[in-house]
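# A structural walkthrough
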Amino acid sequence: MSQTLYARTYLKNNKKRVATLIISLTLCIMLNYLTSFLLGISMETVKPLCYEVPKVMQYLSYNDMDLLIGEDTVVETYDEGVALFNAEIEKLAQKIENDCDKVKRAFPALVIDGELRALFASWYFEGALMDKQYIEEYLGFYDAKLIEGRMPEGDGEVLLDSMTMKNNGYKIGDEVKYYTLYKIVGVVESDYNLICGTPHPDDDSAKQIFIFSEGITNLKNELATIGVKLDSNGMYWTDYESATEDYQKNMVDAIEGSTNIVYVGIVILMCVALCVIYITFLRDRHSEWCLYASIGYSRKSIYLSIMRELSFTFILSLVIGAAITALSVFLINVLYITPSGLLGNSLDTEAIKDVLRDFIVFFAILQIPVRYALYRIKTIDALGDDLY
């Protein structure tokens, strides 16, 4: 007698059972990949702000004005103190521009913050408010081109890049969130998130410095070479090193921690669910395998038949799951991510590796009930026995 048991016979005659396993495994693929994809949107959206923008522009801010004008300086009003501080900031910006070889331009300017809402988090970035005569030069460092509206001309008028506009749901004529003095008059196209414009006379904040350079990754070390010391007590600055460190700590580590918890939870639940479902199937097949053993089939041939059935089920689940997941990612991109000014990693190789690893784990775990069921196989006189 041939010792080959064909898996297709069982698969053809038990479509509902096979479909249950396929649906379960397909849902596992979708849950794992889409969870990673959706949580990763925040990281992908913010990443250019922390990895690309600091290569172009570094920002230097004095939170304590006394660091520049001196603690012993006596001023009668806040406005007088701001005026003295701004004069010192302009001198410092000129020194940085003249003395630092890597610096192309240093703009002393008032500051306005742009916001990027990244699904599960918000990230803020600085923009300059300056005389209208400098705006085109400022935009040039971002390779930004006006695509809608007009350039700022009057007081309190700003430009934003198209991605930030979509992300915040802005339209031309809107006020900037948290800055009621400032109105959006134009949109620029750029590879970077940016906001800039002209100051409003009622804005009494102090100027800070926007530095455009080539090759500066550590602003503190670079400015130390020209005698400008930066101190985190009373000062704040962004450069490539500080921005990427901040991104890793406050974005990547936080989200990956949540992702790992969700991922482990999904794997555990799927392992339990698959085992329960599959053990139920095995109980129903006990009599079938006892019959095969009685007519001469070995346990090995029965086991190989089960493995062929499982292999077909797992492979088909991977194909169907991959197709449905790809379609879901495409629809999420078209219907939500792009219109909202967000970014996502559609082809996440780490998530794909996780899914494949999960399938290997599931396949291995199902060997336990299969092996136990084979151990309990007896000849025809055991047909009435319970598997468990």
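Structural notes, computed from the coordinates. (Residues numbered from 1 in each chain as written. Predicted model: local features only at pLDDT ≥ 70, side-chain atom pairs only at ≥ 80, totals over all residues. Heavy atoms only, no water.)

## Focus: the overall build of the chain
A count of helices and strands for the chain gives 12 helices and 10 strands. Since a compact globule built from 388 residues should have a radius of gyration of about 21 Å, the 32 Å found for the chain marks it as more spread out than a globular shape. Principal-axis analysis of the C-alpha atoms gives the chain an extent of 105 × 40 × 35 Å. Relative to its full complement of 388 residues, the chain shows a buried share of 47%. Contacts in the chain between residues far apart in sequence, at least 24 positions, make up 78% of those at least 6 positions apart. Put simply, the chain shows about 19,800 Å² of open surface, and 56% of that area lies on carbon and sulfur atoms. (Helix = DSSP H or I, 4+ residues; strand = E, 2+ residues; numbered from the N terminus. Rg over C-alpha atoms; globule rule 2.2 N^0.38 Å. Buried < 20%, exposed > 50% of the residue type's maximum accessible area, 1.4 Å probe, protein only. Contact = heavy atoms within 4.5 Å. Areas by Shrake-Rupley, 256 points an atom, 1.4 Å probe, with all protein chains shown as cover.)

## Remarks on the nonpolar core
Core analysis: the biggest nonpolar cluster contains 49 residues, and Tyr-138, Leu-139 and Phe-210 have the highest contact counts within it. Counting residues per element, this core draws most heavily on strand S2 (residues 103–117), which supplies 6 residues. Grouped together as the second largest cluster of nonpolar side chains are 27 residues, Ile-266, Ile-277, Ile-306 and Ala-373 included. (Core = buried A, V, L, I, M, F, W, Y, C linked by side-chain atoms within 4.5 Å.)

## Digging into the side chain of Ser-213
As for its placement among the helices and strands, Ser-213 is situated in strand S9 (residues 208–213). When its relative accessible area of 5% is taken as the criterion, Ser-213 is described as buried. Leaving out residues up to four positions away in the same chain, Ser-213 has contacts with Lys-55, Val-56, Gln-58, Lys-102, Val-103 and Lys-104.

## Focus: a negative patch on the surface
There is a patch of like negative charges on the surface, built from Asp-64, Asp-66, Glu-71 and Asp-72. Mapped onto the secondary structure, Asp-64 falls in the loop between strand S1 (57–62) and helix H4 (66–69). Using a relative accessible area of 32% as the deciding quantity, one classes Asp-64 as partly exposed. (Patch = residues over 30% accessible without salt bridge, like charges linked within 9 Å, V, L, I, M, F, W, Y side chains within 5 Å. Salt bridge = Lys/Arg side-chain N within 4 Å of Asp/Glu carboxyl O. Lys, Arg positive; Asp, Glu negative; His and termini not counted. Charge placed at Lys NZ, Arg CZ, Asp CG, Glu CD.)

## Quick word on the packing of helix H11 (residues 349–365) against helix H12 (residues 367–375)
Axis separation between H11 and H12 bottoms out at 4 Å; the angle between their running directions is 20 degrees. Relative to H12, the element H11 lies roughly parallel. Contacts between H11 and H12 pair Phe-363, Ala-364 and Ile-365 from the former with Gln-367, Ile-368 and Pro-369 from the latter. The residue inventory of the contact of H11 with H12, partitioned by class, reads 5 nonpolar, 1 polar and no charged. (Axes fitted to C-alpha atoms, helices over the stretch in contact; angles between N-to-C directions. Parallel < 35°, antiparallel > 145°, perpendicular 65-115°, else oblique. Nonpolar A, V, L, I, M, F, W, Y, C, P; charged D, E, K, R; others polar.)

## Describing the pairing of strand S3 (residues 122–129)
Among the 8 residues in S3, 6 count as buried, and that is most of the element. Relative to S3, S2 runs antiparallel, the two sharing 8 bridges. By the bridge assignment for S3, Arg-117 is matched with Ser-122. Counted between consecutive antiparallel strands, the loop separating S2 from S3 contains 4 residues, among which Leu-119 sits at a positive phi close to 65 degrees. (Pairing = 2+ DSSP bridges.)

Note that every value here comes from positions in space, so none of it alone points to a role or purpose.
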